[in-house]
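What the coordinates show
Each chain, letter by letter, is given below.
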Amino acid sequence: MDSEPICRIVDTAIDLSLRDKRALLRDLAHRAAVVLNVEDDIVFSALLKREELGSTGVGNGVAIPHVRLEQVRNPFGIMMRLKDPINFDSTDGQPVDLVCLLLSKENESAQLAGIARRLRRPELLEELRRAPNRVVLYNVMTGRTGRYRSQ
């Protein structure tokens, strides 16, 4: 699966220190709002409402927060690795350290399903956690590991 159309390398971050789920969602909302030229609170509120329906923590240390927003023209994603795992009320009760945000105007269930399938592979999760920088993290996630080398 190629995630490039929804997540660009500049929208990838590693080793962030965030104290809890709310702080993480606030950070994601801010990052997305800047790129999408939308108010932070619109994105943040939508993410909070989605989490009220049930946690997007899918297990194995992974969360895939996702919402539909009419302000989003094209599917948009952010890939993030946290420095320390945080409680995310995940389905398996495990803390989260890998996060993939997905925002779209329409129901992007095929892309969401593809990302979720990819993030269930233990060998991929191990590679993402070992990635020395955001370029390598991005390339591992998008399946482009042969195109770039870590420095």
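What counts, and at which threshold
- Residues numbered from 1 in each chain as written.
- Predicted model: local features only at pLDDT ≥ 70, side-chain atom pairs only at ≥ 80, totals over all residues.
- Heavy atoms only, no water.
- Helix = DSSP H or I, 4+ residues; strand = E, 2+ residues; numbered from the N terminus.
- Buried < 20%, exposed > 50% of the residue type's maximum accessible area, 1.4 Å probe, protein only.
- Axes fitted to C-alpha atoms, helices over the stretch in contact; angles between N-to-C directions.
- Parallel < 35°, antiparallel > 145°, perpendicular 65-115°, else oblique.
- Left-handed = near helix turned anticlockwise from the far one by under 90°.
- Contact = heavy atoms within 4.5 Å.
- Nonpolar A, V, L, I, M, F, W, Y, C, P; charged D, E, K, R; others polar.
- Core = buried A, V, L, I, M, F, W, Y, C linked by side-chain atoms within 4.5 Å.

Here's the deal with unusual backbone geometry
- Positive phi, normally seen in glycine, also occurs at D15, with a value near 55 degrees.
- Considering the arrangement of structural elements, one finds D15 in strand β1 (residues 12-16).
- The phi dihedral of N37 is positive, around 55 degrees, even though this residue is not glycine.
- Here N37 is to be found in the loop between α1 (21-36) and α2 (40-53).
- Judged by relative accessible area, which is 74%, N37 ranks as exposed.

Things to note about the packing of helix α4 (residues 122-130) against helix α5 (residues 134-142)
- Where α4 meets α5, the axes come as close as 8 Å, and the angle between the chain directions of the two elements is 165 degrees. Relative to α5, the element α4 is oriented roughly antiparallel. Crossing angle aside, the handedness with which α4 passes α5 is left-handed. Residues L124, E127 and L128 of α4 form the contact with α5, whose participating residues are L137, V140 and M141.
- Grouping the constituent residues of the contact of α4 with α5 by class yields five nonpolar, no polar and one charged.

What to know about the environment of A13
- Within the secondary structure layout, A13 lies in strand β1.
- When the C-alpha positions of A13 and I78 are compared, they lie 8.0 Å apart, and in sequence the two are 65 residues distant.

Some points on the environment of L24
- Tracing the sequence through the fold places L24 in helix α1.
- With a relative accessible area of 0%, L24 lands in the buried category.
- With 75 residues separating them in the primary sequence, L24 and V99 have C-alpha atoms 9.3 Å apart.
- Excluding its chain neighbours within four sequence positions, the residues that come into contact with L24 are L18, M80, L82, I86, F88 and V99.

Focus on the nonpolar core
- Judged by nonpolar contacts, the single largest core of 29 residues is most densely connected at L24, L28, A32, V43, M80 and L103.
- Put simply, the parts of the chain that give this core at least two residues each are β1, α1, α2, β5 (76-86) and β6 (96-104).
- Residue contributions to this core peak at seven residues, all from α1.
- With residues up to four places along the chain from it excluded, the contact list for A32 reads V43, F76, I78, L101 and L103.
- Core analysis: the next-biggest nonpolar cluster, separate from the first, contains 17 residues, C100, A116, L124 and A131 among them.

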